[in-house]
Amino acid sequence: MSEWSIGSQAVLAALLYTLLMRPASLAELDHRPWLLPSGSWQLRMSWRDLLFAHWPLTPDTLRPLIPRQLTLDTYGGDAWVGVVPFRMSAVVPRFAPPTPWFSAFLELNVRTYVTIGGKPGVWFFSLDAANPVAVAIARRWFHLPYFRARMRLRDDGDWIAYESRRTHRGVPPGEFRGRYRPTGSIHRSEPGSLDAWLTERYALYAADPLGRVFRGDIHHVPWPLQSAEAELTVNTVCDAHGFTLPDVPPLLHFARRLDVLAWTPVRVG
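So, here's what we can say about the structure. (Residues numbered from 1 in each chain as written. Predicted model: local features only at pLDDT ≥ 70, side-chain atom pairs only at ≥ 80, totals over all residues. Heavy atoms only, no water.)

**Some thoughts on the overall build of the chain**
Inference 1: Within the chain one finds four helices and 13 strands.
Inference 2: The globule rule puts the C-alpha radius of gyration for 269 residues at 18 Å, and the 19 Å found for the chain is close to it.
Inference 3: Based on the C-alpha atoms only, the size of the chain along its principal axes is roughly 65 × 45 × 40 Å.
Inference 4: Burial analysis of the chain (269 residues in total) assigns 47% to the buried set.
Inference 5: Intrachain contacts of the chain at a sequence separation of at least 6 include 69% that bridge at least 24 residues.
Inference 6: Of the accessible surface of the chain, which amounts to about 13,300 Å², a share of 56% is contributed by carbon and sulfur atoms.
Inference 7: Separation between the mean location of the 29 positive side-chain charges and that of the 24 negative ones in the chain comes to 9 Å. (Helix = DSSP H or I, 4+ residues; strand = E, 2+ residues; numbered from the N terminus. Rg over C-alpha atoms; globule rule 2.2 N^0.38 Å. Buried < 20%, exposed > 50% of the residue type's maximum accessible area, 1.4 Å probe, protein only. Contact = heavy atoms within 4.5 Å. Areas by Shrake-Rupley, 256 points an atom, 1.4 Å probe, with all protein chains shown as cover. Lys, Arg positive; Asp, Glu negative; His and termini not counted. Charge placed at Lys NZ, Arg CZ, Asp CG, Glu CD.)

Structural data, given as structure tokens:
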């Protein structure tokens, strides 16, 4: 059989899988704070080897940095900022086969939490990624502040060592170096707890250059969280955004894998 025939069969198999297989996460919906959006999901992905590192800040520190249409979300009077290193895998648009140059890359987010219209979600200050194609598509399609970065992950079976250095032209630098690992068994957060408030969010908010705000709905099963420990030696990824992280130990969580569906962003506000 020719190489072309083998390749064609592989592409056809991937397309048929996408068309016929219903994502398993769609069978679990009771935990969602609102119904699935109308229309079909447009992108599927897996978030792997992920660390949530969170710090509390005063709301007055972050409020000027958030579009006026959005309400800064708080828990117990505190706003929270998360620095989240992980790796993307199986990133596949609906009805498209996986592509090596798009489907897997490292990513590191700086985020806080907002709400509008009764739908709490995530606001990203930056999303550093090691894939220039993914950066270009996400900036245009999802209006998200993705930036190119040079990144490396090393997993020795115990610790995950992670390095990121922002290289995007015209953007202030940011660097992250450290290592982390899970330290406890997998659990789901209790509704109403801080753990749930920080992680169980089913919308991403972003703004375009005209200041218009968009919401991108997502869906996944409840986070399979583990307690974690981390040693962070360099962490300057927040400095470019006009605030400094407090000199206190962060609240840490680890997740080995979460499969996610995403919908096309819609304008809100």
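So much for the structure itself; the text now carries on.
**Some points on the environment of Trp34**
Inference 1: With respect to the element layout, Trp34 can be found in the loop between helix H1 (3–20) and strand S1 (43–57).
Inference 2: With residues near it in sequence (within four places) discarded, Trp34 still touches Gly118, Lys119, Pro120, Tyr202, Ala203 and Asp217.

**Quick look at the nonpolar core**
Inference 1: Counting residues in hydrophobic clusters, the biggest one holds 37 residues, and the most contacted among them are Tyr205 and Phe243.
Inference 2: If one sorts the elements of this core by residue count, strand S4 (residues 105–116) sits on top with five residues.
Inference 3: Residues Val84, Val122, Ile218 and Leu258 belong to the second largest nonpolar core, which totals 34 residues. (Core = buried A, V, L, I, M, F, W, Y, C linked by side-chain atoms within 4.5 Å.)

**Points about the layout of surface pockets**
Inference 1: Its volume calculated, the largest pocket comes out at about 650 Å³.
Inference 2: Around the largest pocket sit 45 residues that line it, and Leu43, Met45, Met88, Phe142 and Tyr146 are the ones nearest its centre.
Inference 3: Those elements that place two or more of their residues in the lining of the largest pocket are S1, strand S3 (79–93), S4, strand S5 (119–129), helix H3 (132–141), strand S9 (203–207) and strand S10 (213–219).
Inference 4: Among the residues making up the lining of the largest pocket, the classes are represented as 34 nonpolar, six polar and five charged. (1 Å grid on protein atoms, 1.4 Å probe; cavity = no way out; pocket = protein on both sides within 12 Å on 5 of 7 lines; lining within 4 Å. Points joined across faces, edges and corners; volume = space filled by probe spheres on them. Nonpolar A, V, L, I, M, F, W, Y, C, P; charged D, E, K, R; others polar.)

**What about the pairing of strand S7 (residues 160–166)?**
Inference 1: Of all seven residues making up S7, five are buried, and the element is well covered by its neighbours.
Inference 2: Strand direction decides the pairing type here: strand S6 (residues 146–155) and S7, joined by seven bridges, are antiparallel. When the sheet's bridge partners are listed, Met151 is paired in S7 with Ser164.
Inference 3: Hairpin connection from S6 to S7: four residues lie between these consecutive antiparallel strands, with Gly157 at a positive phi of about 95°.
Inference 4: In this structure, S7 lies alongside strand S8 (residues 175–182), joined through six bridges in antiparallel fashion. Across the sheet, Tyr162 pairs through a bridge with Gly178, a residue of S8. (Pairing = 2+ DSSP bridges.)

**Some details on the side chain of Ser25**
Inference 1: Secondary-structure assignment places Ser25 in the loop between H1 and S1.
Inference 2: Using a relative accessible area of 9% as the deciding quantity, one classes Ser25 as buried.
Inference 3: The residues touching Ser25, leaving out its near neighbours within four places in the chain, are His219, His220, Val221 and Leu261.

**Some remarks on the packing of aromatic side chains**
Inference 1: Throughout the structure, instances matching the rule amount to eight aromatic pairs.
Inference 2: With 6.3 Å between their ring centres and 50° between their planes, Tyr180 and Phe254 make a pair best called tilted. Residue Tyr180 is located in strand S8, and its partner Phe254 is located in strand S12 (residues 251–262); the two are separated by 74 residues in the primary sequence.
Inference 3: Taking relative accessible area as the criterion, Tyr180 reaches 0% and is therefore assigned buried.
Inference 4: Under the relative-accessibility criterion, Phe254 is labelled buried at 0%.
Inference 5: Pairwise contacts between aromatic rings join Trp47, Phe52, Phe86 and Trp223 into one cluster. (Phe/Tyr/Trp six-rings, centres within 6.5 Å; stacked < 30°, edge-to-face > 60°.)

**Focus on unusual backbone geometry**
One can expect most non-glycine residues to show negative phi and most peptide bonds to be in trans.
Inference 1: We note that Asp49 has phi near 50°; this positive angle belongs to a residue other than glycine.
Inference 2: Here Asp49 is to be found in strand S1.
Inference 3: The phi dihedral of His143 is positive, around 60°, even though this residue is not glycine.
Inference 4: Assignment of secondary structure puts His143 in the loop between H3 and S6.

**Examining the pattern of salt bridges**
Inference 1: Tallied over the entire structure, the rule returns 13 salt bridges.
Inference 2: Between Asp208 and Arg212 there is a salt bridge, with its nearest N and O atoms 2.6 Å apart.
Inference 3: What makes Asp208 buried here is its relative accessible area of 8%.
Inference 4: Judged by relative accessible area, Arg212 falls into the partly exposed class, the value being 32%.
Inference 5: If you follow the salt bridges from partner to partner, you end up with Asp49, Arg87 and Arg256 in one network. (Salt bridge = Lys/Arg side-chain N within 4 Å of Asp/Glu carboxyl O.)

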